[in-house]
Amino acid sequence: MSVTTIGLDLAKSIFQIHGVDARGDAVLKRRVRRGELLAFFGGLPACLVGMEACSSAHHWARELMALGHEVRLIPPQYAKPYVKRNKTDAADAEAICEAVGRPNMRFVPVKSKESQGLLTLHRVRSLVVRQRTASVNAARGLLSEFGIVAPKGMCRIATLRRDMEAANEDVLPREARVALDALFEHLDTLTQRLDAVDHEILAWHKASEVSQRLATAPGVGPITATALIAAIGDASQFTTARHFAAWLGLTPRISASGSRERIGRISKGGDRYLRTLLIHGARAMVGTSFRRGVKPRPWLQALIGRRPVNVASVAVAHKTARVLWAMIRREEAYRLPATFMVAA
């Protein structure tokens, strides 16, 4: 069996394999159970293996690479056009096998265990933040039914809790108090877990020279810097800064036909978590322009003057992404923009 290229459709228990020879003829179609997968590939000669970049893909990629195979991960949306008619495991494996051999196909770099460990911290942090936000909103909404309200912001939750504890049974019934006490205890637990995850991320940041270098850029802190390093590594897979910004979903959609071209909103593709961190950092930069005693940035002032604040924030995030790509590729710290003097 002269298999040169294999398309592997990943699953939880049953994996579908489709292999072709050097001429592109199908010579292997087989279903393999999870416990038999490594033994099966261990008996094959070294070949090209394509997989969709989905759950457990990086794990299996590392295992197959250890057996001597060349592994390439394909974004699922790039493999979908090669599926013929019905959506089955066999059709998916055949589509992956065909897509992995295309010369213009884009691939996802295989992440190491260390990078995935750091990404796990960020994924857990994102989940805890969402759960805490949901708990806060629930507490606000339930207490507002009894006339107990507080201003916006996490810093006001302590005030809301004190007002609840100070209310008597004429304002807040006992049943509601018991339920809300449990909700606030859950909120305290989530806050403690979030602090613990942040402590681990900060410790990793302090031990990484690259992460500390990225954090010198405006609008970038330890959370954003560590998330970028874990997600992209050395950024060698991006040929240009615009390519990197497009991968983050910060470049506009373009609809063109003939000589007519329309530029729309940003694509919002790629990693939503990274894009959110960059935009939040950009909003912090834009917010400093409205504060007293802060040295203004002329280019930022001009941007805010001609665009809405949210649009300006996304534009600053795009600029920051390009700067970060250059910092990673050149292994340099952030350099302040040069000031040019206009001759009289």
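On a predicted model such as this, the values are computed, not experimentally measured, just so you know. (Residues numbered from 1 in each chain as written. Predicted model: local features only at pLDDT ≥ 70, side-chain atom pairs only at ≥ 80, totals over all residues. Heavy atoms only, no water.)

**Let's talk about the packing of helix α5 (residues 113-144) against helix α6 (residues 157-166)**
The description of two helices packed together rests on the angle between their axes and the distance between the axes.
Next, step 1: One way to put it is that α5 packs onto α6 with a least axis distance of 11 Å and a crossing angle of 40°. Relative to α6, α5 is oriented oblique. At the point where α5 passes α6, the crossing takes the left-handed sense. Taken together, the residues of α6 that come into contact with α5 (itself represented by V136, R140 and L143) are I157, L160 and M164.
Next, step 2: Partitioning the contact of α5 with α6 into residue classes produces five nonpolar, no polar and one charged. (Axes fitted to C-alpha atoms, helices over the stretch in contact; angles between N-to-C directions. Helix = DSSP H or I, 4+ residues; strand = E, 2+ residues; numbered from the N terminus. Parallel < 35°, antiparallel > 145°, perpendicular 65-115°, else oblique. Left-handed = near helix turned anticlockwise from the far one by under 90°. Contact = heavy atoms within 4.5 Å. Nonpolar A, V, L, I, M, F, W, Y, C, P; charged D, E, K, R; others polar.)

**Digging into the packing of aromatic side chains**
Next, step 1: Counted by the stated rule, this structure contains five aromatic pairs.
Next, step 2: Aromatic rings pair up to connect F238, F244 and W247 into one cluster.
Next, step 3: The ring of W299 carries K319 above its face, with NZ or CZ at 5.0 Å from the centroid. (Phe/Tyr/Trp six-rings, centres within 6.5 Å; stacked < 30°, edge-to-face > 60°. Lys NZ or Arg CZ within 6 Å of the ring centre and 35° of its normal.)

**Quick look at a positive patch on the surface**
Next, step 1: Side chains of R262, R265, K268 and R272 sit close together on the surface and give a patch of like positive charge.
Next, step 2: Along the chain, R265 falls in strand β7 (residues 260-266). (Patch = residues over 30% accessible without salt bridge, like charges linked within 9 Å, V, L, I, M, F, W, Y side chains within 5 Å. Areas by Shrake-Rupley, 256 points an atom, 1.4 Å probe, with all protein chains shown as cover. Salt bridge = Lys/Arg side-chain N within 4 Å of Asp/Glu carboxyl O. Lys, Arg positive; Asp, Glu negative; His and termini not counted. Charge placed at Lys NZ, Arg CZ, Asp CG, Glu CD.)

**Some remarks on the sheet that holds strand β5 (residues 70-74)**
For sheets, the rule is that strands pair by backbone hydrogen bonds, running either parallel or antiparallel.
Next, step 1: A sheet is described by the order of its strands in space; here five strands give the open sequence β3-β2-β1-β4-β5, paired in mixed fashion. Of all strands in the sheet, those with a lone pairing partner are β3 (26-33) and β5, marking the two edges. Adjacent strand axes in the sheet meet at a mean angle of 20° when their direction is disregarded.
Next, step 2: Bridge count for strand β1 (residues 5-9) against strand β2 (residues 14-20) is five bridges, and the pairing is antiparallel. Looking across to β2, one finds that T5 is bridged to V20.
Next, step 3: Contacting β1, β2, β4 (48-52) and β5, helix α2 (residues 57-66) runs over the sheet at an angle of about 165° to β5. (Pairing = 2+ DSSP bridges.)

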